[in-house]
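Structural overview for review
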Amino acid sequence: MLSGLAAPEGSGMDTRDDAGYVPFGGGLLLQTADFFPPIVDDPYSFGQIAAANALSDIYAMGGEPLTAMNLVGFPCSLDLGVLREILAGGLSKIEESGARLCGGHSVDDREPKYGLSVTGFVEEDRIVRNAGARPGDALVLTKPLGFGILTTALKRDLLAEEEIGPAIAAAATLNRAARDAMLEVGPSAATDVTGYGLLGHLSEMLRASGAGAAVRRGAVPVWERAQRLAEEGCYPGGLKSNREYLEEEVRPEGVDEAAMLPLYDPQTSGGLLISVPAERADDLLAALKSRGVEWAAPIGEVTSGKGILVLP
């Protein structure tokens, strides 16, 4: 239904980049927006995660966040103290990023929603796009998968929030350190892993780059308990949609259907997926580790074929 809306060339929309961009001040002005309903019970943590998620689009393109504006939907019948905690959590991440909050907009809504519109900047010769991955590149992922599965389990009262503290902390962690490590080494391409899951965002990178990939399932970090919960049928509806959308592009070999589920999981504030020349992969992993990115792992390679091969 939306196919007639042309994506302007040279804005990032033509290759589904993480943020749009326009020339400005000798570089590129980056623009993104993202907001969604609560995925955890604690309003402060929700605010942190939502803000980190929106800021991630700027980091994925090698940029620096400059300004942010709150995007709020909130029921007038709900205690405003909840909204205060959400906004305080978001502000903590905006300030941590070095950006400046410049207001925002709120509407009365039946369900709380929160996120940010973020403006960033990157020097033109330092922009990192999702296009440019080359056969032979290593693929590095900087956060584990399965957060969407865990938060679905929260909603179904299958586990308590304190049981997934490390995953919540990771989702609230800015991708700034990963961005810094990426720029130090020099990537071919990058994107962040969010709603389309690892395989969905990898697919976008490969289409933009005219390449294929091989992913090693055993090398992909996944949050503890997420695999078992998915096998028991506890996963978000977006996971099923991602799997159906990608069924023609993904070829598992020696990997059963259950093991594939976390690869389709829609992440909130996931990590960066970085394509880097193979000879720089160890340098990237060392740079990530030195900056405290403890979850980073090499998960596969870019190939000259088409589609995504998933190996054990």
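So, a few notes on the structure that sits alongside this text. These numbers come from a predicted model, not from an experiment.

**Some details on the environment of Glu162**
- Assignment of secondary structure puts Glu162 in the loop between helix H3 (147–155) and helix H4 (165–171).
- Owing to a relative accessible area of 68%, Glu162 belongs among the exposed residues under this scheme.
- Taking the C-alpha atoms as reference points, Glu162 and Ser275, 113 residues apart in sequence, are found 34 Å from one another.

**Observations concerning the sheet that holds strand S12 (residues 308–311)**
- In spatial order, the strands read S7-S10-S6-S11-S8-S12-S9; together these seven strands make up an open sheet with mixed pairing. Looking at the sheet topology across the chains shown, the edges are occupied by strand S7 (189–192) and strand S9 (250–252). Across the sheet, the mean angle from the axis of one strand to that of its neighbour is 20°, orientation sign disregarded.
- Direction of pairing for strand S8 (residues 212–216) relative to strand S11 (residues 297–303): antiparallel, over a ladder of four bridges. By the bridge assignment for S11, Val215 is matched with Gly300.

**Looking at the sheet that holds strand S5 (residues 113–123)**
- Read from one edge of the open sheet, five strands run S1-S2-S5-S3-S4, paired in mixed fashion. Whereas interior strands pair on both sides, the edge strands pair on one side only; in this sheet they are strand S1 (20–24) and strand S4 (100–108). Pairwise comparison of adjacent strand axes, ignoring direction, gives a mean angle of 20° for this sheet.
- Of the strand pairs in this sheet, strand S3 (residues 64–74) and S4 are connected by seven bridges, and their pairing is parallel.

**Observations regarding the pairing of S3**
- One ladder, built from nine bridges, connects S3 with S5; its direction is antiparallel. Paired with Gly73 across the two strands is Lys113, which belongs to S5.
- A crossover connection joins S3 to the parallel S4 through helix H2 (residues 80–97); in handedness this β-α-β unit is right-handed.

**A closer look at the packing of aromatic side chains**
- Tallied over the entire structure, the rule returns three aromatic pairs.
- Between Trp223 and Trp295 the ring centres are 6.4 Å apart and the planes differ by 70°, which places this aromatic pair in the edge-to-face class. Remark: Trp295 occurs in the loop between helix H10 (281–290) and S11 and Trp223 occurs in the loop between S8 and helix H7 (226–231); sequence separation between them is 72 residues.
- An aromatic cluster is built from Phe36, Phe46 and Tyr114, whose rings are joined through pairwise contacts.

**Focus on the side chain of Asn53**
- Inspection of the secondary structure assignment puts Asn53 in helix H1 (residues 43–60).
- If near-sequence neighbours (up to four positions away) are discounted, Asn53 is found in contact with Asp34, Phe36, Thr194, Thr268 and Ser269.

About the criteria used
Residues numbered from 1 in each chain as written. Predicted model: local features only at pLDDT ≥ 70, side-chain atom pairs only at ≥ 80, totals over all residues. Heavy atoms only, no water. Helix = DSSP H or I, 4+ residues; strand = E, 2+ residues; numbered from the N terminus. Buried < 20%, exposed > 50% of the residue type's maximum accessible area, 1.4 Å probe, protein only. Pairing = 2+ DSSP bridges. Axes fitted to C-alpha atoms, helices over the stretch in contact; angles between N-to-C directions. Right-handed = clockwise from strand over helix to strand, strands pointing away. Phe/Tyr/Trp six-rings, centres within 6.5 Å; stacked < 30°, edge-to-face > 60°. Contact = heavy atoms within 4.5 Å.

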